[in-house]
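Structural overview
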Amino acid sequence: MILIPLFILLLVIPFVYIKTLDYKIAALLVMTGSVPPGTTIVIYSQHFKVHDKYTAQVSSLSTIMSFIFIPMWLSIGTVILSLVK
């Protein structure tokens, strides 16, 4: 929720700077990095019976945290990338 969007932000800054990528699209890519990973890992862990309850809890926690991080990273990405353009 923090490292991947930050990595994507650092990755798209050069593209926005050289005008290959619009800053709004780049901000959307940064926000997409903060989206929870989904339930595929939960299905695998239940199938193989490896930490299935823990995986479900972590998946639920990341979904709840996304309500905070998605708007936050969209705002951060838009502000920073609009300054770069």
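The notes below deal with the structure included here. Everything numeric in this text was worked out from a predicted model, so none of it was measured.

1. Some thoughts on the overall build of the protein chain
What the protein chain contains, in helices and strands, is 4 helices and 0 strands. Of the regular secondary structure in the protein chain, the N- to C-terminal order runs α-α-α-α. Against the 2.2 N^0.38 benchmark of 12 Å for 85 residues, the protein chain shows a C-alpha radius of gyration of 16 Å, more extended than a compact globule. Per-residue burial over the protein chain gives 27% buried out of 85 residues. Within the protein chain, residue pairs in contact and separated by at least 24 positions form 72% of the contacts whose partners lie at least 6 positions apart. When the accessible surface of the protein chain is split by element, carbon and sulfur atoms take 75% of a total near 6000 Å².

2. As for unusual backbone geometry
Look at Lys19: it is not a glycine, yet its phi comes out positive at around 65 degrees. With respect to the secondary-structure elements, Lys19 resides in the loop between helix H1 (3-17) and helix H2 (23-32). Judged by its relative accessible area of 59%, Lys19 falls in the exposed class. One non-glycine residue with positive phi stands out, namely His51, at about 50 degrees.

3. Notes on the environment of Ser34
With respect to the helices, strands and loops of the structure, Ser34 is situated in the loop between H2 and helix H3 (40-48). The sequence separation of Ser34 and Ile8 amounts to 26 residues, and the corresponding C-alpha distance is 9.9 Å. If we skip the residues at most four places from it in the chain, Ser34 touches Met1, Pro5, Ser66, Phe69, Ile70 and Trp73. Here Met31 takes part through its backbone oxygen, which lies 2.7 Å from a polar atom of the side chain of Ser34.

Quick notes on the rules
- Residues numbered from 1 in each chain as written.
- Predicted model: local features only at pLDDT ≥ 70, side-chain atom pairs only at ≥ 80, totals over all residues.
- Heavy atoms only, no water.
- Helix = DSSP H or I, 4+ residues; strand = E, 2+ residues; numbered from the N terminus.
- Rg over C-alpha atoms; globule rule 2.2 N^0.38 Å.
- Buried < 20%, exposed > 50% of the residue type's maximum accessible area, 1.4 Å probe, protein only.
- Contact = heavy atoms within 4.5 Å.
- Areas by Shrake-Rupley, 256 points an atom, 1.4 Å probe, with all protein chains shown as cover.
- Polar contact = N/O pair within 3.5 Å; in protein donor to acceptor, adjacent residues only side chain to side chain.

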